[in-house]
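# Report on the structure
Chain residues, written in single-letter form:
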Amino acid sequence: MKVELVLIPSTKLTFDSEHLAELDIANAQFAIAAYINGDIDDSFKYHAQNGTLYQYIEQQLGLEPKGGKQLMFRVAFDKAKTTTEFENLRKLFPKFMQWVDTYKQQYGYKMFSNLLQRKEAEIMIDGLLPFLINKGYEIFTVHDALRVKQSQKEEIRNFMQHYFDEIGFRCSIK
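The present account deals with the structure reproduced in this document.

Conventions adopted
- Residues numbered from 1 in each chain as written.
- Predicted model: local features only at pLDDT ≥ 70, side-chain atom pairs only at ≥ 80, totals over all residues.
- Heavy atoms only, no water.
- Core = buried A, V, L, I, M, F, W, Y, C linked by side-chain atoms within 4.5 Å.
- Buried < 20%, exposed > 50% of the residue type's maximum accessible area, 1.4 Å probe, protein only.
- Helix = DSSP H or I, 4+ residues; strand = E, 2+ residues; numbered from the N terminus.
- Contact = heavy atoms within 4.5 Å.
- Axes fitted to C-alpha atoms, helices over the stretch in contact; angles between N-to-C directions.
- Parallel < 35°, antiparallel > 145°, perpendicular 65-115°, else oblique.
- Pairing = 2+ DSSP bridges.

### Things to note about the nonpolar core
Counting 48 residues, the largest nonpolar core has Phe44, Phe96 and Phe164 as the members making the most contacts within it. The element that contributes the greatest number of residues to this core is helix α7 (residues 110–133), accounting for nine residues. Non-local contacts of phenylalanine 44, meaning those with residues more than four positions away in its chain, are made with Phe30, Ala33, Leu53, Met72, Phe93 and Phe96.

Right, here's the structure in full:
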């Protein structure tokens, strides 16, 4: 039987007889977008890097809770659209949306999310993971998150922040 690690809450997992904790990057795909393209809207960068992007969008556009995240994932993963919600987002973040629309037109709509996912893998798997393993930690990766021993959570959070600072990646680790 195959079990997806991502589907099991970290509080239900143990390793070496110790409960695991999760360290997650808030709105990671869009913090990565801000990392890739520094020429996008300052308000987008600020909220993406500080982990408040989805809530800010919900507040500005009058969306229900979780509506900001759902909208941003449609922006990242769907074809460019001219629906009201996309147009409202274009008004809120004109530079970001212009970049997304242009990228999708040039390379195909699937390639924008692919760009973000490749950069995420480069940061998390190719960079952060070996950095932490070389420091002696045993870590499980789940997309933009790490599952770590509860006793090492804050220590590893500090090393994550140090690594991200070294590469110039600004984000909120929760």
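Still more to cover.
### Observations concerning the packing of helix α3 (residues 53–61) against helix α5 (residues 84–92)
Two elements in contact, α3 and α5, have axes whose closest approach is 11 Å; the angle formed by their N-to-C orientations is 105 degrees. For the element pair α3 / α5, the angle class is roughly perpendicular. From α3, Tyr56, Ile57, Gln60 and Leu61 reach across to α5, where they touch Asn88, Leu89 and Leu92.

### What about the pairing of strand β4 (residues 145–149)?
Of all five residues in β4, five are buried; the element is thus mostly enclosed. Two strands pair when backbone bridges link them, and strand β2 (residues 18–24) and β4 are joined in this way by five bridges, in the antiparallel orientation. Paired with leucine 23 across the strands is leucine 146, a residue of β4. In this structure, strand β3 (residues 140–142) lies alongside β4, joined through three bridges in antiparallel fashion. Bridge pairing in β4 links phenylalanine 140 to arginine 147. Hairpin connection between β3 and β4: a loop of two residues separates the two successive antiparallel strands, and histidine 143 in this loop has a positive phi of roughly 55 degrees.

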